[in-house]
Amino acid sequence: MFAAERRQLILEMVRANGAVSLRELARVVQTSEVTVRRDVRALEAEGLLDRRHGGAVLPGGFTRESGFPQKSHLATAEKTAIADVAAGLVEEGEAIVVGAGTTTQELARRLARVPGLTVVTNSLLVAQALAHANRVEVVMTGGTLRGSNYALVGSGAEQSLQGLRVSRAFLSGSGLTAERGLSTSNMLSASVDRALVQAAAEVVVLADHTKLGTDTMFQTVPTDLITRLVTDEPPVHDDRAGTELQALADQGVQITVAGATSGASGAEGGPPPGRQGRRDVPLPGQRGRHPGGPQLRSASLSGDGQPPERGARVADLRRR
């Protein structure tokens, strides 16, 4: 494929999806990420797209939201690894909230094996993934169906969450920065996500590396309310993503990195969810609970049960 053909295909993918990772672009055009990165730079110089950490987005500073069909085919291995680890945070008998998104849908598929679990969600996809789990109770919010991501939004969804209190919330979004926290491109989705956060004692954000450093229109969770980030390990060349992780850790977010090659959990004879390819980065300083939240139990991520050391640097995560 000639350079002009590659760049035209790259441009068409970004226009169709709003944001595409370099890995996905390289796979589609069947070339290396180095070549794709060169093509993206050339297209950016022409003002046709903007580069972001590990990918490319539509020009204009803020990415638009992709529909579910496009999102479901992006960073699938990374989402699987993140969901495996996140499932290991959930304990038997807990009550949690799970927001809408393709990564949280992957998480829900793994939660079906947690006995006595109660899951509150505004996502039809999350509810569907848990519909046949006999030991899991699913509570749906009210609201108006938003077809692009199969989520219930609006005042009905927000009102149904009033007075609710659970141990933790699992949320995804369109972008994550240390400066603004988690954000999304849709106002109605952002408003419901904020209501989910208010219902939880702890907030766990699930975001693959392509969302690090991406800023979208509506803030959902400010950085100081994010207890933990579960992400995948950025590519070796993506220093900017590592820098963003360091900035998040410096602000008190505990970082857990999942190996994208760990594979999906649930295979017969395989290790339990949340125990594959996981690496923790301790907090520089221990953060307290969500303001106003009860002292509910929290799953520990350290394998030996010991508290994490203080002052660890995210830069240690980068491949040597």
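Residues numbered from 1 in each chain as written. Predicted model: local features only at pLDDT ≥ 70, side-chain atom pairs only at ≥ 80, totals over all residues. Heavy atoms only, no water.

**Remarks on the pairing of strand E5 (residues 117-121)**
Basically, it comes down to this: Categorising residues by exposure relies on relative accessible area from a 1.4 Å probe, with only protein chains included: less than 20% of the type maximum marks a residue as buried, more than 50% marks it as exposed, and the intermediate range marks it as partly exposed. Numbered from the N terminus, helices here are DSSP runs of H or I no shorter than four residues, and strands are runs of E no shorter than two. By the convention used here, strands pair only if DSSP detects at least 2 bridges between them. With strands facing away from the observer, any crossover in which the path from the first strand over the helix to the second runs clockwise is taken as right-handed.
Counting buried positions over the five residues of E5 gives four, a clear majority of the element. In this sheet, E5 lies alongside strand E4 (residues 95-98) in parallel orientation, the contact comprising four bridges. Counted as the bridge partner of Val-98 is Thr-121 from E5. Crossover connection from E4 via helix H6 (residues 102-111) to parallel E5: handedness right-handed. Sheet topology note: the E5/strand E6 (residues 136-140) ladder contains five bridges and is parallel. Across the sheet, Thr-118 pairs through a bridge with Glu-137, a residue of E6.

**Brief notes about the pattern of salt bridges**
The following threshold applies: Take a side-chain nitrogen of Lys or Arg and a carboxyl oxygen of Asp or Glu: if they are within 4 Å of each other, that pair is a salt bridge.
Counted under the stated rule, the structure contains twelve salt bridges. Notably, a salt bridge pairs Glu-24 with Arg-27, separated by 2.6 Å at the nearest N-O pair. Here the residue Glu-24 and the residue Arg-27 both occupy positions in helix H2 (residues 22-29), the gap between them amounting to three residues, near one helical turn. Residue class for Arg-27 comes out exposed when judged on its relative accessible area of 55%. The residue Arg-168 makes a salt bridge to Glu-202 at a minimum N-O spacing of 3.6 Å. Separated by 34 residues along the polypeptide, Arg-168 in strand E9 (residues 166-171) and Glu-202 in strand E12 (residues 200-206) bring together distant segments of the chain. The residues Arg-168 and Glu-202 share a single accessibility class, namely buried.

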